[in-house]
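Coordinates in review
Chain by chain, the residues:
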Amino acid sequence: MSGPAIEASAAQEAARAPQSAPERPRLAHLDVGRGIAILLVVIFHAYRGFLNAGTAGAGSIWPLLDYSVYIFHMAFFFIAAGYWVPRALKKGRGPYLKDKLATTWWPAVLWSLIYILINNVMASYVNKAVPMDDLWRILFFPALHFWFLGVLFLFFLCMAISRNLSFWLLVAVVACGLVDVFPMRETFARYCHFGIFFVAGAILSTNRSQMTGKGWPIALVVLGATIWLGFDRGIGLYSGWLVPGGFAGIILLLALAQAIAGYRVGQVLGWIGQRSMPIYVLHILPMSAARIILHRVAPDLNLDLRILIVSTSGLVFSLIGYALAARLNLLTLTGLGKDKSRIAVAN
């Protein structure tokens, strides 16, 4: 076969081969949004640490701030995770599940075990001891703040079973309503409440949405009304009545992220956002240590300063731990990310 004929044949084969969708570029403002959201997680975990220890005092604005932020900041992580699922599934169910096992299920189980062991060794210093009984439960229901990874992994599994977003939207809406109809444990209320945000993220992705903060003035009114009604009436954070406020808060967060993405502060927040997973996993340990030290050396320090010191400790030492794990190529083993050598092999 002559050269031109070979080239023509090759061109025909290439035309018949399935064409993969172009890689969607990383959205910088989503990283900024993650940076803002993870800072809120750290700050309000610091506040709740003092609250649970009975040293937060009374008469401050922190309870209202805590309620307001919890309406939307974890919901943001679920909608952001759902946004990337359709693209991840294009690689096939096998690679998709392998990736989610390594990056979601494994860190949830490993660090649940590590935290429980440390919690029991330091039982006289912590706010609440976690029992060692039924450790097997962490395989399905990760302990402490790792509930987020457990819920997220279940949602990932559901999307691997079926990609019918209309079906999952219906399930999510029904589940969301069940929280206000039937009394249920907090563990199951989380599954019911956050599913609608995860599915919404996947739907936005399939519609090629850029996850913008369009309509933020209306969102501000909705979130304000939700906070006012919810906090005043004591509505639980997993109630379906707070879902509109959750979406409104996400829109406001995205609007803020877009507005500052091009500035230095946005770049710093984006850098933090790209490390939100290891920060989420690691921050509780250094914050607990900082809170114990402060209680010994400065028990009468202003609450705001205590929260600032403890949350800064959580952020800084989490980033240091992540940097050390990256330097030693231990990110994959520790569930904090993917080692560069493994990424190179995968590519």
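Refer to the preceding data block for the structure.
Summary of the structure given here. Remember, it's a predicted structure, so these values are computed and weren't measured experimentally. (Residues numbered from 1 in each chain as written. Predicted model: local features only at pLDDT ≥ 70, side-chain atom pairs only at ≥ 80, totals over all residues. Heavy atoms only, no water.)

A few words now on helix α2 (residues 28-52). Over its 25 residues, α2 runs 36 Å from end to end, which matches the ideal 36 Å to within 8%, given 1.5 Å per residue. In terms of burial, α2 is largely enclosed, as 19 of its 25 residues are buried. Downstream of α2 by one or two residues, G54 has phi in the positive range, about 75°. (Helix = DSSP H or I, 4+ residues; strand = E, 2+ residues; numbered from the N terminus. Expected span 1.5 Å × (residues − 1). Buried < 20%, exposed > 50% of the residue type's maximum accessible area, 1.4 Å probe, protein only.)

Another point: the packing of α2 against helix α4 (residues 73-83). At a minimum axis separation of 9 Å, α2 and α4 run at an interaxial angle of 145°. As α2 runs across α4, the sense of the crossing is left-handed. Judged by residue contacts, L30, G33, R34, A37, I38, L40 and V41 of α2 engage H73, M74, F76, F77, A80 and Y83 from α4. Tallied by class, the residues present in the contact of α2 with α4 amount to ten nonpolar, two polar and one charged. (Axes fitted to C-alpha atoms, helices over the stretch in contact; angles between N-to-C directions. Left-handed = near helix turned anticlockwise from the far one by under 90°. Contact = heavy atoms within 4.5 Å. Nonpolar A, V, L, I, M, F, W, Y, C, P; charged D, E, K, R; others polar.)

Moving on, we get to the pattern of salt bridges. For the structure on display, the rule yields five salt bridges. A salt bridge links D31 to R34; its shortest N-O distance comes to 3.1 Å. Taken together, the residues span about one helical turn, with D31 and R34 both in helix α2 at a distance of three residues. The burial state of D31 is the same as that of R34; both residues are buried. The closest approach of N and O atoms between D99 and K100, which form a salt bridge, is 3.6 Å. Look at D99 and you get partly exposed, because its relative accessible area is 22%. A single network of salt bridges, built from pairs that share partners, joins D99, K100 and K338. (Salt bridge = Lys/Arg side-chain N within 4 Å of Asp/Glu carboxyl O.)

Packing of helix α9 (residues 186-206) against helix α11 (residues 243-260) leaves a shortest axis separation of 11 Å and a crossing angle of 40°. Relative to α11, the element α9 lies oblique. Like other packed secondary-structure pairs, α9 and α11 cross with a definite hand, here right-handed. The segment α9 lies against α11, with H193, I196, F197 and A200 engaging V243, G246, F247 and I250. Here the contact of α9 with α11 is composed, by residue class, of six nonpolar, two polar and no charged. (Parallel < 35°, antiparallel > 145°, perpendicular 65-115°, else oblique.)

Next up on the list: the state of the cysteines. Under the counting rule described, the total for this entry stands at zero disulfides. Cysteine C176 shares no disulfide, and the gap to the nearest cysteine sulfur, in C192, comes to 8.2 Å. When its relative accessible area of 6% is taken as the criterion, C176 is described as buried. Its relative accessible area of 13% is what places C192 among the buried residues. (Disulfide = S-S within 2.5 Å.)

A separate point is helix α14 (residues 284-297). Taking 1.5 Å per residue as the helical rise, α14 with its 14 residues ought to reach 20 Å, and the 20 Å between its terminal C-alpha atoms agrees with that figure. Three or more residues of α14 are buried, namely P286, M287, A290, R291 and L294. For α14, the angular spread of the buried residues around the axis is 135°, confining them to a single face. Residues of α14 that are exposed and point more than 90 degrees away from the buried face comprise I293 and R296. Its buried side turned inward, α14 meets α2, α13 (276-282) and α15 (303-327). (Arc of directions from axis to C-beta.)

Turning next to the side chain of S318. Of note, S318 is situated in helix α15. Of note is the side chain of S318, whose polar atom sits 3.1 Å from the backbone nitrogen of H283. Each residue touching S318, except ones within four places of it in the same chain, is listed here: P278, I279, L282, H283, P286 and S313. (Polar contact = N/O pair within 3.5 Å; in protein donor to acceptor, adjacent residues only side chain to side chain.)

Taken together, the side chains of L170, V174, L178, V181, F182, M184 and F188 make up a nonpolar region of the molecular surface, amounting to roughly 640 Å² of accessible area. It is helix α8 (residues 165-178) that provides the largest number of residues to the nonpolar patch, a total of three residues. The exposure class of L170 is exposed, given its relative accessible area of 56%. (Patch = residues over 30% accessible without salt bridge, like charges linked within 9 Å, V, L, I, M, F, W, Y side chains within 5 Å. Areas by Shrake-Rupley, 256 points an atom, 1.4 Å probe, with all protein chains shown as cover.)

Within the largest apolar cluster, 97 residues are counted, with the highest numbers of intra-cluster contacts made by F76, F78, W147, F148, M159 and F194. Top element by residues in this core is α2. It accounts for twelve residues. Apart from residues lying up to four places away in sequence, F78 is in contact with W147, F148, V151, L152, F155, F194, F197 and F198. Membership of the second largest hydrophobic core comes to five residues, among which are V109, I116, V130 and I138. (Core = buried A, V, L, I, M, F, W, Y, C linked by side-chain atoms within 4.5 Å.)

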